[in-house]
Amino acid sequence: MKIEYANKIDYQYILDNDKHISQELIESKINMNEIIIARNEDNKNIGWLRYNYFWDNTPFMNMLYLDENYRYKGIGKNLVTFWENEMKHNGYDLVMTSTLSNESAQHFYRKLGYKDAGSLLLENEPLEIIFTKKL
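Read on for an overview of the structure. (Residues numbered from 1 in each chain as written. Predicted model: local features only at pLDDT ≥ 70, side-chain atom pairs only at ≥ 80, totals over all residues. Heavy atoms only, no water.)

1. Observations regarding the overall build of the protein
Point 1. The helix and strand tally for the protein stands at four helices and seven strands.
Point 2. Moving toward the C terminus, one meets the helices and strands of the protein in the order β-α-α-β-β-β-α-β-α-β-β.
Point 3. Computed over its C-alpha atoms, the radius of gyration of the protein comes to 15 Å, within 12% of the 14 Å expected for a compact globule of 135 residues.
Point 4. Each principal axis of the C-alpha distribution contributes one length, and for the protein these read about 40 × 35 × 30 Å.
Point 5. A burial count over the protein gives 40% of its 135 residues as buried.
Point 6. Long-range contacts, defined here as pairs at least 24 residues apart, represent 52% of the contacts in the protein between residues at least 6 apart.
Point 7. Of the accessible surface of the protein, which amounts to about 8200 Å², a share of 48% is contributed by carbon and sulfur atoms.
Point 8. One finds the centroid of the 16 positive side-chain charges in the protein at a distance of 7 Å from the centroid of its 20 negative side-chain charges. (Helix = DSSP H or I, 4+ residues; strand = E, 2+ residues; numbered from the N terminus. Rg over C-alpha atoms; globule rule 2.2 N^0.38 Å. Buried < 20%, exposed > 50% of the residue type's maximum accessible area, 1.4 Å probe, protein only. Contact = heavy atoms within 4.5 Å. Areas by Shrake-Rupley, 256 points an atom, 1.4 Å probe, with all protein chains shown as cover. Lys, Arg positive; Asp, Glu negative; His and termini not counted. Charge placed at Lys NZ, Arg CZ, Asp CG, Glu CD.)

Structure (structure tokens):
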């Protein structure tokens, strides 16, 4: 398995699979190194981590996704660890993410050392749990 920043050849994979981002923003995020790709042994894309900056100064993981056949194999943890190491290398000492309270991802993040830091409640939506982690 290989983890690296996405590049132009990954555009179509992200466009086809990430339904939570506009087409126009994908190219910009690739150019800004805000998408990290996981590839299998055959160099096939199998997932990604996408992030931005909360308050324009704190790295915030927006999306962590793995193709179904590659889940529960430690690859998600490897993607997060790669991202955290990159953020620490870039001078950040805190990262953030969130997940809905009805999703099992909250347990994954806690297992990786993320701490509950608050929540957001939008009308007709489950509670969004905000997590932080000191690097």
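2. Considerations on the pattern of salt bridges
Point 1. By the definition in use, this model includes six salt bridges.
Point 2. Here Arg50 ties to Asp18 by a salt bridge, and the two come within 2.8 Å at their closest N and O atoms. Here Asp18 lies in the loop between α1 (11-17) and α2 (23-31) and Arg50 lies in strand β3 (residues 45-54), a separation of 32 residues in the sequence. Each member of the pair Arg50 and Asp18 is classed as buried. (Salt bridge = Lys/Arg side-chain N within 4 Å of Asp/Glu carboxyl O.)

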